[in-house]
Amino acid sequence: MFRHGDTIAAPATAPGGALALIRISGPDALELCDRCFTSPSGKLLRHQRGGTVHYGNLADNEGNFIDEVLVTVFRAPASYTGENMAEISCHGSRWIIAEILRTLNRYGARTAEAGEFTVRAFLAGKLDLAQAEAVADMIAAGNRASHALASTQLRGHYSAALSALRGELLQLASLLELELDFSEEDVTFADRTALRELLDRATNDITELADSFLLGNAIREGIPVAITGSPNVGKSTLLNRLLGEERALVSDIAGTTRDIITENISLDGIGFRFIDTAGIRESNDVLERMGIERTYKVLSEARIILYITEPKEFGSTSMRAAIDAIGLHDGQRLAIVVNKCDSEKPSAFADPQIQSLYPWPVFGISAKYGYHIDTVKRFLTGCIDTEGLYNGASIVSNTRHYEALRTAAEALDDTRRGLDSDLPTDLIAADLRRSLDALGTITGEITTSDLLGEIFSKFCVGK
Ligand SMILES: Nc1nc2c(ncn2[C@@H]2O[C@H](COP(=O)(O)OP(=O)(O)OP(=O)(O)O)[C@@H](O)[C@H]2O)c(=O)[nH]1
Ligand SMILES: [Mg+2]
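All values reported here derive from a predicted model rather than from experimental measurement.

Peer 1: Describe in detail the coordination of the magnesium ion (ligand 2), supporting the description with residues and values.
Peer 2: Ser236 (OG) and Thr257 (OG1) make up the full set of protein donors to the magnesium ion (ligand 2), lying at 2.0 to 2.1 Å. Linking Ser236 in helix α9 (residues 235-243) with Thr257 in the loop between α9 and β9 (261-267), this pair joins segments that are 21 residues apart in sequence. Here Ser236 falls in the buried class, since its relative accessible area comes to 8%. On the basis of relative accessibility, which here comes to 11%, the residue Thr257 falls in the buried class.

In structure tokens form, the structure reads like this:
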């Protein structure tokens, strides 16, 4: 789907700003710019060194002035794409951008497709596939945590860990395959004990990486936090308080919220996705029952659950039954938030005796008046282990990588089972290959043009 070898151009900035940047990459990038760019000293861009910036006027193909610009020159291979490149900084008017692009097109530049600059960077070996994908994540990162995830991946830590692992497995695969070449002679090149050890270690590492996806994906999309509880306890009021705006409808009518309301909020650099749900109770109202059904679905997918209650309900058997009915699964965190404690004084619910009644923390707050909301925020940020995240730990945040890791782990399991039951070497080697192939798709040692198309179509134009 991507053509190579020609010269491409596209704006790299979103419309609406004071300035805009237009990128040109390809063998004719500088010659092409020279046709519409005039420097006061008459110098030509194609004679300039890489990493230099030049002031001048841009004119269209009929010589009509378009804009005063700065052009940055990059020379192959020291550029983002590995090709000759120019970046034109012009004024951000839509008309100016369109005119410059039209002129560049006239002179032979093709309009770049989404992600095409990064595809070229990948094909030139400037980035591996996981790093290229991190570029898109970097652009989308809206908070410190998702930025940390993307930058670790972009700087190649994750790719390096994977390549080391793949390298070791590759060596063993070659030894096994060598045995196949000598199958008549009944020799073993691959030491079976070492093979087992390596398989165990690789399976561990890969599973650990795959397991980190739950956190990685949550950080990327926003950690899902479900706000649940009986009707009328103030769930929507709490959402509004956290957001700082009147987003959800609040009323003293029980059963106000029916549809699920989702809002993203950044706390301490971590993105949370708050989901306000319909209060849970027995109901004959069809609409309300549908809302409650959805609530249970949200609860099963949440990473953190805030069970909201009020002083008169707190400690009741119905509260306990409602929490039990949620059926917390592994890795889910829950806190009981007693709302409507309308006092600035430390809440009575902070008492250690009350805390010891439940395996979950208990907070007393007033959503309406804004008291002790910080205790809830601290609980939320404390649920996320940011230690590894900010120290460059490899955390998987990309669904494609996660699936490849799962496939690799399964294939390694099969390899291990094959060894244990003395299967013929060719079958063992085939399983090992399957695992290697899956790992290879992550960093792009193994790619198809479909895969590249799929990945880069999600990029913005100009990147
Ligand atoms: N006194 C007091 N009232 C509150 C507080 N928080 C919410 N309320 C009131 O409680 C009532 C219900 O609030 P909502 O936020 O709509 O409650 P909800 O849990 O979303 O209710 P449903 O959507 O019906 O399940 C409203 O009248 C709020 O003003 C609080 O901290 N103190
Ligand atoms: Mg509500």
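Next, the rest of the story.
Peer 1: Which residues make up the sheet that holds β9, and what are the values?
Peer 2: Spatially, six strands are ordered β9-β10-β8-β11-β12-β13 in an open sheet, and the strand pairing comes out mixed. The open sheet has two edge strands with one neighbour each: β9 and β13 (362-364). Neighbour-to-neighbour, the strand axes of this sheet turn through a mean angle of 25°, independent of strand direction. α9 contacts β8 (223-229), β9, β10 (270-276) and β11 (304-309) of the sheet and is inclined by roughly 40° relative to β9.

Peer 1: Requested: an account of the site of ligand 1, with residues and values cited.
Peer 2: By nearness alone, 22 residues border ligand 1, and Lys235, Thr237, Gly255, Thr256 and Asp342 come closest of all. Ala367 has a polar backbone atom sitting 3.1 Å from an oxygen atom of ligand 1. In this structure, Lys368 approaches ligand 1 through a main-chain N or O atom, which is 3.1 Å from an oxygen atom. Starting from 660 Å² of accessible surface for ligand 1 in isolation, the protein chains cover 89%. A class-by-class count of the residues in the shell around ligand 1 yields six nonpolar, eleven polar and five charged.

Reading the values: the criteria
Residues numbered from 1 in each chain as written. Chains lettered and ligands numbered in written order. Predicted model: local features only at pLDDT ≥ 70, side-chain atom pairs only at ≥ 80, totals over all residues. Heavy atoms only, no water. Donors = N, O, S within 2.8 Å, 3.2 Å for Na, K, Ca; no water. Helix = DSSP H or I, 4+ residues; strand = E, 2+ residues; numbered from the N terminus. Buried < 20%, exposed > 50% of the residue type's maximum accessible area, 1.4 Å probe, protein only. Pairing = 2+ DSSP bridges. Axes fitted to C-alpha atoms, helices over the stretch in contact; angles between N-to-C directions. Contact = heavy atoms within 4.5 Å. Near = heavy atom within 4 Å. Polar contact = N/O pair within 3.5 Å; in protein donor to acceptor, adjacent residues only side chain to side chain. Areas by Shrake-Rupley, 256 points an atom, 1.4 Å probe, with all protein chains shown as cover. Nonpolar A, V, L, I, M, F, W, Y, C, P; charged D, E, K, R; others polar.

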